[in-house]
Amino acid sequence: MKTKLYIVIAVFFMALGVNAQIDRSQQPKPGPAPIIALEKPQEFELKNGLKILVVENHKLPRVSFNLAFDREPIVEGEKAGVTSLLGAMLANGTTSISKDDFNEEIDFLGARLNIGFGGGSASSLTKYSDRILELLADAAINPLLTEDEFQKEKDKLLEGIKADAKSVDAIAGRVGGALAYGTEHPYGEFLTEETVNKVTLADVKAYYQKYFNPNNTYLVVIGDVDTKSIVKHVKKQFKNWKKAAALTTAMVEANENPKALEINFIDMPNAVQSNISLTSTVKLKMSDPDYHAVLIANKILGGGFNSYLNMNLREEHGYTYGARSSVGTDKYISRFRAGAAVRNAVTDSAVVETIKEIKRFQTEPVEADALANAKAKYVGDFVLALERPSTIAQYAINTKINELPDDFYATYLEKINAVSIEDVMRVANRYFTADNARIIVVGKGSEVIENLEKTGIPINYFDTFANPVEKPEFSKPIPAGVTAASVLSSYITAIGGLEAVNAVNSVMVSSNVTIEGMPFTPTAVLKSMTPNMSSMEMSIEGMGTVMKQKFNGTDGYAEQQGRKMPMSEDELAEKLEEKGLFPETYLDASTLELVSLTAIDGVDVYKIKVKEASFRYYDATTGLLLRTEKTQEAQGQQITSIQEYSDYKEVNGVLFPFVQKITAGPQVIGMAASEIVINEGVSEEDFN
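This structure is a prediction, so every number in the text was calculated from the model and none was measured.

(A) Representation of helix α12 (residues 347–363). Taking 1.5 Å per residue as the helical rise, α12 with its 17 residues ought to reach 24 Å, and the 25 Å between its terminal C-alpha atoms agrees with that figure. When we look at burial in α12, the residues that qualify are Thr347, Asp348, Ala350, Val351, Glu353, Thr354, Ile355, Glu357, Ile358, Phe361 and Gln362.

See below:
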């Protein structure tokens, strides 16, 4: 139940993903751009409108198929989610083969097959290509759209929406699109529980009939094939795919960019960091003459580690783990975005610095080295990508759908290398803006709004579904008589009373651990004994014990991957400050500050400052501890760790949280207790 323990766990697993860096003092001189010779696909068309593009490549005995639709964007309206459900159901077997048999056969063939509402792909060895094409066609033409599968996919989609309700990044993505394009625009509408619950299986089938058809659809075949034979086989498999009536749609115009820079703020009281995104809509097609210059300009501004934004916000100021920018290309409309996830305390500063870098980019010519490095990066990525059949297929599809000239990719590197310093500044002023833009900030209003207001940029407030709202009340008046001491006392009463708490001499917690991004599920055993002894041992199946941390009341150490490291002086001092198993029993209320009555996920909480950059949050109604928060340095970075407590259950007369979630920097760790035992199973030897 000690926060420090989880910071060590987080840092340990962050370290597992660190790769060695190669220090090169001399940058090699770039050679001439490679000559790109892409074979032009042979083209065919079926009577139902399906267009076939074939590129023979006999270097390897493999074949890939890529199915792509050239549809106008679809507005789903009050039934947003219908295309997501349809896409999820398309790979769940067909009318002629069950889901399990379908997937087992693909695995047996050593092949890959994916299909969704946006298209599909499949690849296999040449000798299995006929069968894998048959399975792809069967999945596209005869999907198994049953009520049972519909309900399964609907439940999964609803669970995902619920999970996103507390995700700052998910909210930022949803509201960002809605404000930039408008909620009635296909790029701005979003799914909710309400819209998904309105979708029926009949809706899914209707959308399939209307939109999943060979009209304006491409099948690209690349690999070890004979063109005549493969076209014959495609005709056989896809000839029964029925052509639908031509669609005529009137797409709603996207929202206009604001006339002046504004902040659009969404309050998320649970936010560990603020998500900042300066955004504006742009009209940039791949066929536009500015396309290649915009790619290079964005790479320099925020498209790589050495970009303007990252060197400022990460390297110079240490606000974030990474700052980025992007510019979309689309036949209709897209967005320019620049931003980062930053600490609450520097949200306003990050906004100011982001604006500063964009304006500097528009007014100061980029250095020749920066331009050369950006070009070299694109050249390298482009050449490497040509090794993948999926890349060649995508190039063929892009050429058709975006109406590109036949030599677009053959001359790609030539046009990249032709971009000048003047071109970069010109497109920066046309497509990147810090004037007519929205700065969408999703964060903890009680901690960031006061300083954001000092920037002088007008602030508009929205809820998590992009509806305009009045400025939220970030803190409420603290009721008379409530003090830091009374909050601590209420907690002790809530968990069982002082007598029951003082009777706890030892605690043993067995937990299942989940770590985002990690392919394994560790288990942990945590032991503690009065006054301040603690032990944690973490194991992974098949690997044994991978991590330990011990403190015997005087000395302590951490052991990771066989390496034993003594606790630092600061860590020992922090451990020695602990005088019991429950901090509320020994904290000196006279040194604490009752900061505010605020809210976490709609629950009123009292926020108590323990010391600088260390806070505890207690439910104002139940008195239970819901969260602790601490900022400290780890591996040269300022890391804010948030520990959330829930699912309190009684153990021998005392309530304990059986579920904990620890967020430390980018690392998220879940701890679900399978058993908590008090006053048994713990001895002093456990802490040596």
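(B) Representation of the sheet that holds strand β3 (residues 62–69) in the model. Pairing is mixed across the open sheet formed by six strands, whose spatial order is β1-β2-β6-β3-β5-β4. The open sheet has two free edges, formed respectively by β1 (42–45) and β4 (112–116), since each of these has just one partner strand. If you compare each strand with its neighbour and ignore which way they point, the axes differ by 15° on average. By the bridge criterion, six bridges tie strand β2 (residues 51–56) to strand β6 (residues 217–223) in an arrangement that is parallel. Bridge assignment links Glu56 to a residue of β6, and that residue is Gly223. Most of the contacts of helix α9 (residues 227–238) go to β2, to which it runs at about 150°, and overall it touches β1, β2, β3 and β6.

(C) Representation of the sheet that holds strand β10 (residues 334–343) within the structure. Strand order in the open sheet made by the seven strands is β9-β10-β8-β11-β7-β12-β13, with mixed pairing throughout. Pairing within the sheet leaves two strands with one partner each, and these edge strands are β9 (320–327) and β13 (468–469). Pairing geometry for strand β8 (residues 273–282) and β10, over 10 bridges, is antiparallel. What sits directly across from Thr279, in β10, is Arg337. Across the face of the sheet, helix α10 (residues 291–302) comes into contact with β9 and β10 while running at roughly 165° to β9. Relative to strand β7 (residues 262–267), helix α17 (residues 445–453) is tilted by about 165°, and along the sheet it contacts β7, β8, β11 (438–443) and β12 (459–462).

(D) Molecular detail of the confidence of the model for the protein chain. Across the protein chain, the average pLDDT comes to 91, with 93% of residues at or above 70. When the criterion is pLDDT under 50, residues 14–25 qualifies, and its contacts beyond four places in sequence or with other chains add up to seven contacts.

(E) Inspection of the layout of surface pockets at higher detail. Counted as a void, the largest pocket has a volume near 1100 Å³. Lining the largest pocket we find 41 residues, and of these Ile222, Leu386, Arg388, Pro389 and Ile392 sit closest to its centre. Sorting the residues of the lining of the largest pocket by element identifies β2, β3, β4, β5 (119–125), β6 and α14 (389–401) as the ones contributing at least two each. Take the lining of the largest pocket: its biggest share by element is seven residues, from α14. Taken together, the residues of the lining of the largest pocket break down into 20 nonpolar, nine polar and 12 charged. Here the second largest pocket defines a volume of roughly 900 Å³. Those elements giving two or more residues to the lining of the second largest pocket turn out to be α5 (147–164), α6 (168–181), β8, β9, β23 (625–634), β24 (637–651) and β25 (654–664). The element best represented in the lining of the second largest pocket is β25, accounting for four residues. Of the residues belonging to the lining of the second largest pocket, the class tally is 13 nonpolar, 10 polar and eight charged.

(F) Examining helix α20 (residues 569–577) more closely. Among the residues of α20, Leu572, Glu574 and Lys575 are the ones counted as buried. Taken end-on, α20 shows its buried residues confined to a sector of 160°, consistent with a single buried face. In α20, the exposed residues that point more than 90 degrees away from the buried face are Glu569 and Asp570.

(G) A look at the environment of Ile266. With respect to the helices, strands and loops of the structure, Ile266 is situated in strand β7. The buried category is assigned to Ile266, whose relative accessible area is 0%. Linking Ile266 and Ser568, residues 302 residues apart in sequence, is a C-alpha distance of 40 Å. Excluding residues within four positions of it along the chain, Ile266 makes contact with Ile171, Val175, Ile440, Val441, Val442, Gly443, Phe462, Asp463 and Thr464.

(H) Representation of the nonpolar core within the structure. Formed by 63 residues in total, the largest nonpolar core has its most connected members in Phe265, Phe361, Tyr412, Phe432 and Ile439. Of all hydrophobic cores here, the second largest spans 48 residues; its members include Ile74, Ile115, Ala122 and Ala137.

So, how was this worked out
- Residues numbered from 1 in each chain as written.
- Predicted model: local features only at pLDDT ≥ 70, side-chain atom pairs only at ≥ 80, totals over all residues.
- Heavy atoms only, no water.
- Helix = DSSP H or I, 4+ residues; strand = E, 2+ residues; numbered from the N terminus.
- Expected span 1.5 Å × (residues − 1).
- Buried < 20%, exposed > 50% of the residue type's maximum accessible area, 1.4 Å probe, protein only.
- Pairing = 2+ DSSP bridges.
- Axes fitted to C-alpha atoms, helices over the stretch in contact; angles between N-to-C directions.
- Contact = heavy atoms within 4.5 Å.
- pLDDT = per-residue confidence, 0-100.
- 1 Å grid on protein atoms, 1.4 Å probe; cavity = no way out; pocket = protein on both sides within 12 Å on 5 of 7 lines; lining within 4 Å.
- Points joined across faces, edges and corners; volume = space filled by probe spheres on them.
- Nonpolar A, V, L, I, M, F, W, Y, C, P; charged D, E, K, R; others polar.
- Arc of directions from axis to C-beta.
- Core = buried A, V, L, I, M, F, W, Y, C linked by side-chain atoms within 4.5 Å.

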